[in-house]
Amino acid sequence: VHGKDKMGRPVIYMKPRLTPKKMGTQAQQMRHLVYTLERAIADMEGSSVEKYVLLIDFKDYSLRNAPSMSVQRETISILQDQYPERLGLALCVDAPMLFSSTFKMVKPFIDSVTASKIVFVSGAEKRPYFEQHFDLSCLEQDYSGNDPHQYDQAKYFETIPNIVG
């Protein structure tokens, strides 16, 4: 969870290329997801904001770093069944052709309201989209923003509770 969009919604960055393929068992991965969602909800406390933004960066996405189909299904189930109406936007950045076919397979498992919140941006359309929806000072530089924050996996896992070990 890092930064907010122009509506004040916390942004959860998901970068499959930076997630270890064997990040614990599926149950541990789901606990990590719930922990992250709860951190985003905690960021909303004391405000009128009730939804979060999921920014999924598909740079270098491949079968090598793709979550299993069962992890994808359980993730979708958690998002729509345990956190209904918490998703404000799921922004898929630079989704490759491989993702298109994967998305077609999982789309039947996604609630229609949730599916309507999924947006794909790539190429030249990214910068105008980001400028319209995000304060660039709060957006990581990889997404046309000015925030110098860089995700460091080792530092991140040092600072969170031991939920995946």
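Residues numbered from 1 in each chain as written. Predicted model: local features only at pLDDT ≥ 70, side-chain atom pairs only at ≥ 80, totals over all residues. Heavy atoms only, no water.

Colleague: I'd like a rundown of the pairing of strand β3 (residues 87-93), residues and numbers included.
Modeller: Residues in a regular strand point their side chains to alternate faces of the sheet. For β3, the buried fraction is high: seven of the seven residues fall into the buried class. Since strand β2 (residues 52-57) and β3 lie parallel, the crossover through helix α2 (residues 69-82) that links them has a hand, and here it is right-handed. Pairing geometry for β3 and strand β4 (residues 118-121), over four bridges, is parallel. Directly across from L91, in β4, lies its bridge partner V119. (Buried < 20%, exposed > 50% of the residue type's maximum accessible area, 1.4 Å probe, protein only. Helix = DSSP H or I, 4+ residues; strand = E, 2+ residues; numbered from the N terminus. Right-handed = clockwise from strand over helix to strand, strands pointing away. Pairing = 2+ DSSP bridges.)

Colleague: Which residues make up the nonpolar core, and what values go with them?
Modeller: Counting residues in each nonpolar core, the largest one holds 28 residues, and the members touching the most others are L37, Y52, L54 and I110. Counting residues per element, the ones that place at least two in this core are α1 (26-44), β2, α2, β3 and α3 (97-106). Looking at this core element by element, the count peaks at six residues for α1. With residues up to four places along the chain from it excluded, the contact list for Y52 reads R9, P10, I12, L37, A40, M44, L79, R86, L87, G88 and L89. By size, the runner-up hydrophobic cluster in this structure holds 14 residues, among which are Y13, V53, V121 and F130. (Core = buried A, V, L, I, M, F, W, Y, C linked by side-chain atoms within 4.5 Å. Contact = heavy atoms within 4.5 Å.)

Colleague: Provide a residue-level description of the packing of α1 against α2, including the pertinent values.
Modeller: Two elements in contact, α1 and α2, have axes whose closest approach is 11 Å; the angle formed by their N-to-C orientations is 35°. For α1 against α2, the interelement crossing comes out right-handed. Mapping the contact onto sequence places Q26, Q29, M30, L33, V34 and L37 in α1 and S70, V71, E74, T75, I78 and L79 in α2. Of the residues assigned to the contact of α1 with α2, the class counts are seven nonpolar, four polar and one charged. (Axes fitted to C-alpha atoms, helices over the stretch in contact; angles between N-to-C directions. Left-handed = near helix turned anticlockwise from the far one by under 90°. Nonpolar A, V, L, I, M, F, W, Y, C, P; charged D, E, K, R; others polar.)

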